[in-house]
Amino acid sequence: MRTPVHPSGGALRPLGLDEVRITGGYWGRRQQTNADATIGHCLHWLEKLGWIANFDRAATGAPFERAGREFSDSEIYKLAEAMAWEIGRTGSPELEAEFARLTERIAAAQEDDGYLNTMFGHPGQAPRYSDLEWGHELYCYGHLIQAGVARLRTRGEDAFTALARRVADHVCDAFGAGGIERICGHPEIEVALAELARATGETRYLEQARLFIERHGGRTLADAGEYYQDDMPVRAAEVLRGHAVRALYLSSGAIDVAVETGDEELFEAVRRQWHRALARRTHLTGGMGSQYQDEAFGRDFALPPDRAYSESCAGVAAVMTAWRLLLQTGDAAYADMIERVSWNVLAGAAAPDGTSFFYANPLHQRTADPDPAPDRELPHVQGGGRRAPWYDVSCCPTNLARTFAQYAIYLATADRQGIQIHQFAPCTIDTEVDGERFALAVATSYPDDGTVVVRVEANQGSERTVSLRVPVWAEGATVTGPDGETRPVAAGRAASVTAAFAPGDEIRLHLPVEPRWTMPDPRIDAVRGCAAVERGPVVLCAESVDLPGEADVAELTVDAAALPIERDGSVYVAAQVHDRDGDWPYGSPTAPDDEGKSAEVALVPFHRRATRGPASMRVWLPQS
Ligand SMILES: [Zn+2]
């Protein structure tokens with residue numbers, strides 16, 4: 001099964017890259033760009049900075065000067081995972097040769113007992129596992145193992161899967177009961193071991209994943225704290241907290257362990273934490289990590305748009321968690337969230353050409369920053385205004401690459417009755433339902449257009465159900481079955497059509513994607529009095545390049561009483577552009593305000609921001 005997550009049970013069955021193929025549209029282009037540009041770009045930077053060469057140097061056994069941060073090994077592993085899925089998708093011989101070369105260099109640095117890390121344990125370095133708080137050794141293993149699972153499921157056993165297995169065995173030996181009974185400061189090993197157990201049938205890996213999950217909250221880390229979720233047991237927490245990527249990787253691992261061990265209490269605990277985080281700690285874009293401080297989930301409703309962190313990796317991690325919840329429960333609300341994150345975090349995190357990236361994805365950029373140098377990595381804390389080719393902490397580019405390479409699997413699932421379509425993109429779905437072939441082809445230019453046409457390509461005469469997610473914003477959606485009858489479907493529910501389909505039968509879903517105003521809960525102080533525009537699943541933003549005289553977006557106010565207008569593929573709002581000045585930005589409620597000049601201002605998709613030169617930008621627009 002060519003898929004990253006394959007639970008032994010659950011409401012929905014995931015499909016593999018050989019069963020779902022994206023055939024065009026935005027995600028088809030993204031997937032192609034990932035293959036043609038992003039993977040090579042990451043490889044280039046990993047070589048250029050010496051992060052791959054760390055493995056060559058470690059293999060010599062002599063003291064060496066190491067390049068990169070303590071977690072840089074993980075970037076090579078995430079790229080290996082991207083390559084593995086891409087090879088699994090296309091069978092590219094060039095990429096296969098590249099993967100083999102990379103495998104050889106990684107394997108050379110592995111020690112006899114399976115230990116593998118270029119930062120610790122070599123002559124002149126700190127001893128192994130001497131800094132579990134910040135050393136990231138188990139975190140790096142987690143990414144190596146996930147790449148191993150990708151390889152195992154796309155090509156079967158090989159040199160790479162063998163080295164991943166040796167690492168996993170070493171972890172069980174070293175960190176099992178009676179061993180080092182502690183955790184890593186950055187979760188990731190849990191989700192990886194649980195999946196390796198699924199892929200190999202080796203229950204020892206699942207037990208080790210369970211031990212790591214249960215040890216959280218045991219305060220085995222110095223300064224045990226909320227930042228790395230060591231302040232309380234996973235099952236005792238009420239909400240996602242601390243460092244966002246850590247919290248979401250941990251949640252994904254906890255769900256996997258809960259599903260495989262039948263631990264309903266643990267599953268419900270994580271599900272509750274997710275919903276509370278969505279209700280109080282998530283940006284409109286689906287961005288998680290509501291604040292710059294600690295790249296963390298902040299307090300409830302503390303969602304500052306300009307200081308939003310919303311790391312690209314947190315987007316990847318949110319999709320990981322939501323996907324697991326979707327597979328287990330079948331609740332399409334999780335697919336809604338995957339869509340929101342996909343369009344508004346992942347899609348914009350990489351430039352259209354796939355060679356520059358955002359690390360943080362704030363919803364408000366106050367300054368029109370110039371492009372970073374194309375040949376130097378940017379300090380990640382500076383990320384914001386423009387995409388950079390690489391960062392000193394460059395977790396995001398390779399994380400995006402592996403997600404884009406596997407993206408097709410998020411489009412659909414199956415069960416005993418039929419196929420569920422969760423994300424709308426031109427694609428083919430060809431699988432078995434209850435032992436019989438059932439194949440569909442999806443044609444759509446969504447979200448530019450709200451029509452999705454599903455054509456039955458193959459069915460052996462049995463009655464089947466095709467379910468299409470109707471997003472929660474899609475008031476007024478309709479579905480038309482093969483019988484030609486059109487009926488309304490409620491937003492937030494699935495549009496299901498059951499029939500003994502014949503090849504050529506069509507189902508048409510219509511989703512109203514017209515632009516709409518969205519208002520924030522008044523408890524979100526940072527954007528009170530503001531409004532945003534969404535169009536279908538896409539969050540829009542204003543950029544200074546679209547304002548009269550390229551005025552700063554700080555000078556913009558909008559009239560949310562007037563509906564946004566769509567014309568020639570662009571969305572416009574009625575606005576005022578001010579030219580304010582003064583010595584004191586406060587005054588009495590009756591002081592005459594500068595009314596500004598009325599203007600119709602074009603908004604652009606947030607994911608397409610920062611593609612037309614330096615600009616200030618904002619999603620939440622103050623009302624006039
Ligand atoms: Zn990142």
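Everything quoted here is computed from the prediction, not taken from an experiment.

A.B. asks: Explain the overall build of the protein here, please?
C.D. replies: The helix and strand tally for the protein stands at 13 helices and 24 strands. Radius of gyration (C-alpha) of the protein: 25 Å, near the 25 Å computed for a compact globule of 624 residues. Principal-axis analysis of the C-alpha atoms gives the protein an extent of 75 × 70 × 45 Å. Counting only residues that meet the buried cut, the protein has 61% of its 624 residues in that class. Carbon and sulfur atoms provide 48% of the accessible area of the protein, an area that totals close to 22700 Å². Put simply, the protein has 61 plus and 90 minus side-chain charges, and the middle of one group is 1 Å from the middle of the other.

A.B. asks: Looking at this structure, how should I read the coordination of the zinc ion?
C.D. replies: Ideal values for angles at a metal depend on the geometry: 109.5 degrees with four tetrahedral donors, 90 or 180 degrees with six octahedral donors. Protein ligation of the zinc ion involves E311 (OE), C313 (SG), C395 (SG) and C396 (SG), the donor distances falling in the range 2.1 to 2.3 Å. Every donor counted, the four donor atoms about the zinc ion form angles of 94 to 119 degrees at the centre, which fits tetrahedral coordination. All donor residues of the zinc ion come from one chain, and their arrangement in sequence is E-x1-C-x81-C-C. You can see E311 sitting in the loop between β4 (296-297) and α11 (312-329) and its partner C395 sitting in helix α13 (residues 395-405), a full 84 residues away along the chain. A relative accessible area of 3% means that E311 is categorised as buried.

A.B. asks: Sorry, what's going on with the pattern of salt bridges here?
C.D. replies: Where charged atoms from two side chains of opposite charge come close, those side chains can pair. Overall, the coordinates contain 50 salt bridges when judged by the stated rule. As a salt-bridge pair, R402 and E81 come within 2.8 Å of each other at their nearest N and O atoms. Taken as a pair, R402 in helix α13 and E81 in helix α3 (residues 73-90) lie far apart in primary sequence, 321 residues in all. Under the relative-accessibility criterion, R402 is labelled buried at 3%. A salt bridge links R437 to D430; the nearest nitrogen and oxygen atoms lie 2.8 Å apart. Each of R153, E195, R198, D256, E260 and R324 takes part in one network of salt bridges that share partners.

A.B. asks: Got a minute to help me understand the pairing of strand β22 (residues 597-605) in this structure?
C.D. replies: When strand β18 (residues 538-543) meets β22, the two strands line up antiparallel, connected through two bridges. When the sheet's bridge partners are listed, C541 is paired in β22 with V604. Where strand β21 (residues 570-577) and β22 come together, seven bridges link them in antiparallel fashion. When the bridges of β22 are listed, V577 appears paired with K597.

A.B. asks: Help me understand the sheet that holds strand β12 (residues 477-480), please; the structure alone is not making it clear to me.
C.D. replies: The pairing of strands in a sheet happens through backbone hydrogen bonds and is either parallel or antiparallel. One open sheet accounts for seven strands, arranged β2-β8-β9-β10-β15-β12-β13; its pairing is antiparallel. Since the sheet does not close on itself, it has two edges, and those belong to β2 (20-22) and β13 (486-489), each with one partner. This sheet shows a mean twist of 20 degrees between the axes of neighbouring strands, independent of strand direction. In terms of strand pairing, β2 meets strand β8 (residues 427-433) through three bridges, oriented antiparallel. Following the sheet pairing, V20 is matched in β8 by I429.

A.B. asks: Mind showing me how you'd approach the packing of helix α2 (residues 53-60) against helix α4 (residues 93-108) here?
C.D. replies: Where α2 meets α4, the axes come as close as 7 Å, and the angle between the chain directions of the two elements is 40 degrees. Considering their axes alone, α2 and α4 lie oblique with respect to each other. Read as a crossing pair, α2 and α4 show a hand that is left-handed. Contacts between α2 and α4 involve A53, F55, D56 and A59 from the former and R105, I106 and A108 from the latter. Grouping the constituent residues of the contact of α2 with α4 by class yields five nonpolar, no polar and two charged.

What counts, and at which threshold
Residues numbered from 1 in each chain as written. Predicted model: local features only at pLDDT ≥ 70, side-chain atom pairs only at ≥ 80, totals over all residues. Heavy atoms only, no water. Helix = DSSP H or I, 4+ residues; strand = E, 2+ residues; numbered from the N terminus. Rg over C-alpha atoms; globule rule 2.2 N^0.38 Å. Buried < 20%, exposed > 50% of the residue type's maximum accessible area, 1.4 Å probe, protein only. Areas by Shrake-Rupley, 256 points an atom, 1.4 Å probe, with all protein chains shown as cover. Lys, Arg positive; Asp, Glu negative; His and termini not counted. Charge placed at Lys NZ, Arg CZ, Asp CG, Glu CD. Donors = N, O, S within 2.8 Å, 3.2 Å for Na, K, Ca; no water. Tetrahedral: all angles 85-135°; square planar, octahedral: opposite > 155°, others 65-115°. Salt bridge = Lys/Arg side-chain N within 4 Å of Asp/Glu carboxyl O. Pairing = 2+ DSSP bridges. Axes fitted to C-alpha atoms, helices over the stretch in contact; angles between N-to-C directions. Parallel < 35°, antiparallel > 145°, perpendicular 65-115°, else oblique. Left-handed = near helix turned anticlockwise from the far one by under 90°. Contact = heavy atoms within 4.5 Å. Nonpolar A, V, L, I, M, F, W, Y, C, P; charged D, E, K, R; others polar.

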